[in-house]
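Inside the fold
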Amino acid sequence: MHRTLITISWFVLAGLVIVPEAFSAPTTTQLPRTVRPTHYDVTIVPDAASLTFKGKVVIAIEVLQATTSITLNAADLSFSKVVLSKGAARYPAPLVRMNPDEQSATFIFDKIIARGRYRLALDYTGKIGTQASGMFALDYLGATGPKRALYTQFENSDARRVIPSWDEPAFRTPFALEAIVPSGEMAVSNMPIAKRSDLGNGLTRVRFAQTPKMSTYLLFFGLGEFDRASLQAEGTELGVITKKGATSQAAFVLESSKAILREYNEYFAVRYPLPKLDNVAAPGSSRFFSAMENWGAIFTFEEAILLDPSISTQSDKQRAFSIAAHEMAHQWFGNLVTMRWWDDIWLNEGFASWIEARTTRRLHPEWNTALAAVRERERAMGLDALKTTHPVVQHVDTVEQASQAFDDITYQKGEAVISMLEGYVGAAAWRDGVRRYIKAHAYGNTVTDDLWREIEKVSGQPITVIAHEFTLQPGVPMIRVDSAVCDAGTTTLRLTQTEFSKDQPDKTPLAWRVPVMVQTIGGAAPVRALVSGGQATVSVPGCAPVIVNPGQSGYYRTVYAPGHFRTIAGNFGALAPIDQLGLLSDTWSLGLAGLQPVSDFLDLAKATSIDADPQIWGKIAGVFEAINAYYQGDDTRKPVFQKFAIARLTPVFARIGWTPRPDELDTVAILRNELIGVLGVLGDTASIDEARRRYAAQATDPTAVSPLVRKAILGVVALHADAATWDQLHAAALAEKTAMVKEQLYELLASTQDEGLARRALDLALTQEPGETNSAGMLSHVARLHPDLAFDFALAHIAVVNQKVDGSSRSRYFPRLASESADPAMIAKLKAYAAEHLAAGSRRDAETAMANIAYRIKVRNERLPVIDAWLAGGKG
């Protein structure tokens, strides 16, 4: 390696010698292990108006090995004083070397620091941002005018922007936090307020109770003109915190938190350990996250937690519950027990996703969310079947890589693998193993094998070797049903394990030990088997058609021999809804990959009963929308498909109607909105006209647009907007006072199929008008219909756009704008973008976007002709 030497400038500030870094080095996130913190005492003095803050931290440290320097994480901080002391003895002021590329600061002393315990006191200043990383400000319109609130977001590596610290998850340490704040505002942190002191001049010192030992990324601070509602449950004070006047919209989540807390206290057999648990709702949004599990002070953007009766739907209600259940699960899996390093972030997110789904099914069976597990599994498989995938347990070197680890593999594949393994060992053994794991590692750090070890002890099953194959290697197993022969009342299946890949058809398959279940349609309990060594033979009582993966708990694709598939398809109506959904999902994905005719999905859709489970029709409608997008730009072939799709969906929608009914199932209410949207996308004239009629009539007829369908109707109106309608929506956005509704209107402005109006939305997004955290969302909405336009625009304004995106999502934001493109030229554009703007180790999202674009082009070229032929053959 050749290093270019650069003359270093030295200067002195308040007795400190500051050395700027001389050259740019690769980002490193592993700090030296010669020193460790044992306690933080932090004082923050925020100045919201100037977007700056002053800070002071006294860190109790232990020097484990004699050294002349101390290195910790610090980003965008300026130090004015550094004092190292041991008892009454103080070390001379050190040389301070800032390492911006490594996001660290090194304090170099002129004599050796011997092993022992010390105090490191730091005075510093920092910046308050306008995107959700570090400490950030969110502006909104309150009842009495413009307001500004402050919040923090530290995961995964942004505590260092507010507190100089050992900002790695393995350094668990208690925190004592105090803040000097305006007396009329509410300050919030992980723990309750222990003491308030009036300082005069409109300022108050607020000191919070000390936290348990925890990782830096879990610390939280919020400040603003807030309201709080609370209740007692299970010995814990549960609260919701909102901007003034909005706590009623959080009532559902607050009440739900009681039942969720009870459920988790029982499941984990370790009670929630903090005295309070708040859920803090904030205006705005992020391209990276919706909520964050800060211990005792969950942060959630209000669009994901508040239910506004004027716009919120049943889907919004279910989402609010799921997010609350997810973040509350982290209070144990993630907070009480924390992964040692970001390689194992799936331990946090995959488990929280799994138990969130389990809890939703248990506490709200009327929502029938069991089928949602198939949808989540499909999201994971869609990513996992590309050559750019990665294992669940992945090696992380840099901050950017840690940020990119928060994806569908970590969340949805993690959830699916847990579901499969729980089914393999049994629910009781799984629960008891989890309890042992939590108890053994409370207030500590773990790796994935710590969990497998406890499950294996309880279950007596060889779970570790199976789990390793699903978490330490990437990819999707595929089980081929080679034959199914019935003899003497028993059906014998020959199964072969291969691998499902979307873009590597000639790939040598990896090997898994796959827990499978098989069952005759309408038969008794399924038969369990382990496909090992690539093959298995399974016998099932009875001679009825046999399905593989009944209940859909397995993480694998199933491909049947053509004759077997036709037999199952002929009995499609006899399958349980979850297995209908599983068969539809496998058939669609296998068809796109060329592993069976893609028209098989259309045969199933044509055979589906009009009164099938609403979620089955939701899947069919979603696939129809995807096929329509593949035909984008083809004005000859697309109308032929649209005619078929509209004819298939219209009778289903006619049964549901435009008007919600008080006694209808939640799944029906959700399907209504889905069908309104999809029929609008498909260009159904009757649906578009009715949506426009209702939109126009709402000014004089309050019943014309029910709040439960308002989003769907406005979505159709915006999609097909002309300039006059777009201007009308824009005027409504400007006049709107409610932050959530206002944000929704700006998203609608960016959701038009008219390219000229889409350009106007792009220009508008980069102004101050939509709000600092909403601009990036507008660009993303334009990209759904106009990916090439949005990407080119964002790249042309990259400096401005980067300021509109929180730092943790910048390496993935631009690739995701382009990912829906079907233009081969976009692949070259993404390559050039990545080479110029992304570090070599931070290009996974760009590579995935390129792989998805190549796959879309392949589908258009090779699969659409099969659909054309099916339609031309009169089957449609």
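Positions within a chain are numbered from 1, following the residues in the order the chain's sequence is written. Reporting in this predicted model follows two pLDDT cut-offs: at least 70 for local features of residues, and 80 or more for side-chain atom pairs to be given and counted; totals over whole chains, interfaces and linings ignore these cut-offs and use all residues. Side-chain numbers come from the whole structure's heavy atoms, not from hydrogens or water.

**Observations regarding the overall build of the chain**
Our working definition: Numbering of helices and strands starts at the N terminus; helices are DSSP runs of H or I of at least 4 residues and strands are runs of E of at least 2. The size measure is the radius of gyration over C-alpha atoms, and the globule rule it meets is 2.2 Å times the number of residues to the 0.38 power. Exposure categories follow from relative accessible area, calculated using a 1.4 Å probe and restricted to protein chains: below 20% of the type maximum is buried, above 50% is exposed, and the middle band is partly exposed. Throughout, a contact is declared for two residues whenever any of their heavy atoms are within 4.5 Å. Exposure was quantified through the Shrake-Rupley algorithm and a 1.4 Å probe, taking into account, for residues, occlusion by the shown protein chains and nothing else. Charged-residue counts in this description rest on Lys and Arg as positive and Asp and Glu as negative, His and the chain ends being excluded. A charge is said to be at NZ when it belongs to Lys, at CZ for Arg, at CG for Asp and at CD for Glu.
Within the chain, the regular secondary structure consists of 27 helices and 31 strands. A globule of 876 residues ought to have a C-alpha radius of gyration of about 29 Å, and the chain, at 28 Å, matches this closely. In terms of its C-alpha atoms, the chain occupies a principal-axis envelope of roughly 90 × 70 × 60 Å. Within the chain, the proportion of its 876 residues that are buried is 59%. The contacts in the chain between residues at least 6 apart in sequence include a share of 70% that link residues at least 24 apart. Total accessible area on the chain is roughly 33,300 Å²; 53% of this is exposed by carbon and sulfur atoms. The average position of the 89 basic charges and that of the 93 acidic charges among the side chains of the chain differ by 4 Å.

**A closer look at the layout of surface pockets**
The condition that has to hold: Both cavities and pockets are sets of points on a 1 Å grid over the protein atoms alone; in a cavity a 1.4 Å probe fits but cannot get out, in a pocket the set is open with protein on both sides within 12 Å along at least five of seven lines, and lining residues sit with an atom within 4 Å of a point. Grid points are joined across faces, edges and corners, and a volume is the space filled by probe spheres set on the points. Under the grouping applied here, Gly and all other residues not named as nonpolar or charged are polar, the nonpolar ones being Ala, Val, Leu, Ile, Met, Phe, Trp, Tyr, Cys and Pro and the charged ones Asp, Glu, Lys and Arg.
Approximately 1,200 Å³ is the volume found for the second largest pocket. Put simply, the parts of the chain that give the lining of the second largest pocket at least two residues each are β8 (95-99), β11 (134-142), α5 (399-404), α23 (798-803), α24 (810-818) and α25 (824-837). Looking at the lining of the second largest pocket residue by residue, the classes come out as 17 nonpolar, 22 polar and seven charged.

**As for the sheet that holds strand β4 (residues 52-63)**
For the record, the criterion: A pair of strands is treated as paired once DSSP finds two or more bridges between them.
Strand order in the open sheet made by the eight strands is β7-β6-β10-β4-β3-β13-β16-β15, with mixed pairing throughout. At either margin of the open sheet sits one strand with a lone partner, and together these are β7 (89-90) and β15 (193-200). Pairing analysis gives five bridges linking strand β13 (residues 175-182) to strand β16 (residues 203-208), with the strands arranged antiparallel. By the bridge assignment for β16, Ala179 is matched with Val206.

**Overview of the state of the cysteines**
A covalent bond between the sulfur atoms of two cysteines is what we call a disulfide. Heads up, the rule is: By definition, disulfides here are pairs of cysteine sulfur atoms that lie within 2.5 Å.
Under the counting rule described, the total for this entry stands at one disulfide. A sulfur-sulfur separation of 1.5 Å characterises the disulfide bridge that pairs Cys486 with Cys543. Taken together, the positions of Cys486 in strand β25 (residues 476-487) and Cys543 in the loop between β29 (535-541) and β30 (546-548) put the pair 57 residues apart, joining distant regions of the chain.

**Notes on the packing of helix α18 (residues 723-735) against helix α20 (residues 755-765)**
Note the threshold: Axes, fitted as lines to C-alpha atoms, cover a helix only where it is in contact. Angles between the N-to-C directions of the axes lie from 0 to 180 degrees. Working rule for angles: under 35 degrees goes down as roughly parallel, over 145 as roughly antiparallel, 65 to 115 as roughly perpendicular, anything else as oblique. Here a crossing is taken to be left-handed if its near helix is turned anticlockwise relative to the far helix by less than a right angle, and right-handed if that turn runs clockwise.
For the pair α18 and α20, interaxial distance at closest approach is 11 Å and the crossing angle is 25 degrees. Relative to α20, the element α18 is oriented roughly parallel. Handedness of the α18/α20 crossing: right-handed. In this structure, α18 contributes Ala723, Trp726, Asp727 and His730 to the contact, and α20 contributes Leu757, Arg760, Ala761 and Leu764.

**Structural notes on the pattern of salt bridges**
Applicable threshold: Salt bridge, as applied in this entry: a Lys or Arg side-chain nitrogen positioned within 4 Å of an Asp or Glu carboxyl oxygen.
Scanning the entire structure with this criterion turns up 51 salt bridges. Across the pair Arg362 and Glu263 runs a salt bridge, and its minimum N-O distance is 2.4 Å. With Arg362 in helix α3 (residues 345-363) and Glu263 in helix α1 (residues 251-268), this pair connects stretches of sequence that are 99 residues apart. We classify Glu263 as buried; its relative accessible area is 9%. Arg379 is the salt-bridge partner of Asp408, the closest N and O atoms lying 2.9 Å from each other.

**Considering the environment of Arg655**
Here Arg655 lies in helix α14 (residues 638-656). When its relative accessible area of 51% is taken as the criterion, Arg655 is described as exposed. Linking Arg655 and Arg672, residues 17 residues apart in sequence, is a C-alpha distance of 9.8 Å. Setting aside its immediate chain neighbours within four residues, Arg655 contacts Ile610, Asp611 and Arg661.

As far as function goes, none of this settles anything; it's purely spatial.
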